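What the coordinates show
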Amino acid sequence: MITENLLETYTNSDALALAGLVKRGEVSPSELVEAAVTTIERLNPELNAVVHRLYDMARAQAATVDRNAPFAGVPYLLKELASSWKGAPLTNSCFYLKDFVADSDSEVVRRIKAAGLVLVGKSNAPENGWSITTEPKLYGTTKNPWREGITPGGSSGGAAAAVASRMVPIAEASDGAGSIRVPASCCGIVGLKPSRGRVSLAPFGDYWYGGAYFLCLSRTVRDTAAYLDAVAGALPGDAYTPPVPADSWLSLSARTPKKLCIGFTVTPPDGTAIDAEVKATVLAAVAALQRLGHDVEEHDMPLDADAAWKTYTDMTNVQTAATFGFLETLVGRPVTPHDVEPVTWAVISRGRTTSGIKHVSDVEQLRLIGRDIVTDLNSYDIFVTPTLTELPRPFGYYDMSETDLDRYNAKWGDAVFNFPFNISGLPAISLPLGQSAGGAPIGVQLVGRYGDEATVLALSSQLEEAMPWKDRRPKSS
């Protein structure tokens, strides 16, 4: 029997606090699983954040958890995209793969298990992750726990809604063009895209030429730092190997940063407008950084964002077509337009008709764009931007039934400050530093130098104290 006191403790605690209870013997992993099950069953019918409830697997795993692990017994969700947990569904929210079950663990999952996290389910995601909302035809729409009618973001929207609503304190997320940071902003939580190569992609050798990243969504900076400690590290032979600090990211995140040189912008590099409340939130964060003693100056990125986005999506089209070519060998038949949503079919089709010569040229151009971005920002310890240029959009705005791929991709302009850091490999975190008058969360993005998650996390901790968000709670929680 789960008591109200335990449920209150569960929903009010971050992941490290819950693991501390387990380590001290004040609560068992099994009790935490039952608290998660109770919370999911209460909230998920409204939010549709969890699309596979794996409670029996969780109960079995809870009985074997190492109680000295960093996240001992903490309930957790894996995103329904890419990562493989043996015995769990692996559909990528796609009808073509709807019957797939993982037959092995990916490297990051092996590390997740070793950290003591207990899988209670899988979170909703748009088909193949190519959306910054979460409205897949296969599983239906995930709702934002803060306000009716607005997107929770994507592609890690199910994870974000679950963490924000307190179903779980931490959940897997991944990011190919903002899919950690966008839902973090929309749902008022913390989302770090780490440096390129920080988390091994094994068994994949690479994904989108370093453009795809895996980490988590959480409600506290310290949970994100501890999770990075748990899953980070390149395998021998991995394509990218960022520098590794001598100390843990958890300890580094708790250190007061030295006086930093911080750049900021509220001017989108594609020439579009920015919402007034978003701009005000960024400027409030900048003012807080000044009060904390940091040097701050405005700097607008000279990036040709439209051209860079076109080159990036031309590359991802080819990569997606190649992925489906591989999946056809597993499914045993060709993918057809009836197996996928129209945007996915448009991506595959365009990828198949792109020449090898153009693809190689696109990849080279992306390397040069990435170098230019790093060079432009290299004089700053941290660069501050809006996470999104607009408030969370209404459902249906990012519509994967769209047949015009260029028109669909243009709507990603809201996330114009996201994909440049997928291209460049720089670490970037979205922090929940504001809310609109209508109650929608607003995220502010902090970008660091390559391999320097330590400064990103330390400054995030400073802002977490200066502009606290821990007592904010959505109506659906």
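Higher on the page you've got the structure.
Quantities reported herein were computed from a predicted structural model and do not represent experimental measurements. (Residues numbered from 1 in each chain as written. Predicted model: local features only at pLDDT ≥ 70, side-chain atom pairs only at ≥ 80, totals over all residues. Heavy atoms only, no water.)

Some remarks on the pairing of strand β7 (residues 261-264)
The line we're drawing: Strands were regarded as paired on the criterion that DSSP finds at least two bridges between them. By the criteria applied, helices consist of DSSP H or I runs no shorter than four residues and strands consist of E runs no shorter than two, each listed in order from the N terminus. A clockwise path from the first strand over the helix to the second, with the strands pointing away from the viewer, defines a right-handed crossover.
Of the pairings in the sheet, the one linking β7 to strand β8 (residues 295-298) comprises four bridges and is parallel in character. From the neighbouring strand, Ile 262 faces β8, where its bridge partner is Val 296. Note on the crossover from β7 through helix α10 (residues 276-291) to β8: the handedness is right-handed. Bridge count for β7 against strand β9 (residues 382-386) is three bridges, and the pairing is parallel. Across the sheet, Phe 264 pairs through a bridge with Val 384, a residue of β9.

Some words on helix α6 (residues 157-164)
To keep it simple, the criterion reads: We call a residue buried when its accessible area falls under 20% of the maximum for its residue type, exposed when it is over 50%, and partly exposed in between, using a 1.4 Å probe and counting protein chains only. A contact between two residues is defined here by any heavy atoms of the two lying within 4.5 Å.
In terms of residue burial, α6 counts as a mostly covered element, since eight of its eight residues are buried. By the burial criterion, the buried members of α6 are Gly 157, Gly 158, Ala 159, Ala 160, Ala 161, Ala 162, Val 163 and Ala 164. Those residues of α6 hidden inside the fold are in contact with α3 (29-47), β2 (75-79), β3 (118-123), β4 (170-175), α7 (181-187) and β6 (213-218).

A closer look at the pattern of salt bridges
Under the convention used in this document: Salt-bridge detection follows one rule: a side-chain nitrogen of Lys or Arg within 4 Å of a carboxyl oxygen of Asp or Glu.
Under the defined criterion, the tally for this structure stands at 27 salt bridges. In this structure, Lys 122 engages Glu 80 in a salt bridge whose closest nitrogen and oxygen atoms are separated by 2.5 Å. Taken together, the positions of Lys 122 in strand β3 and Glu 80 in the loop between β2 and α5 (107-114) put the pair 42 residues apart, joining distant regions of the chain. Put simply, Arg 255 and Asp 247 hold a salt bridge, and the shortest N to O gap is 2.7 Å. When its relative accessible area of 43% is taken as the criterion, Arg 255 is described as partly exposed. When its relative accessible area of 36% is taken as the criterion, Asp 247 is described as partly exposed. In this structure, a network of salt bridges that share partners links the residues Lys 310, Asp 314, Lys 358 and Asp 362.

Section: unusual backbone geometry
With an omega dihedral of 5 degrees, the bond running from Gly 154 to Ser 155 counts as a cis peptide bond. Assignment of secondary structure puts Ser 155 in the loop between β3 and α6. Residue Pro 203 is bonded to the preceding Ala 202 through a cis peptide linkage, with omega at 15 degrees. Even without being glycine, Ala 82 reaches a positive phi, approximately 75 degrees. With respect to the helices and strands, Ala 82 occurs in the loop between β2 and α5. Although it is not a glycine, Tyr 209 adopts a positive phi angle of roughly 50 degrees. Classification of Tyr 209 by relative accessible area gives partly exposed; the value is 26%.

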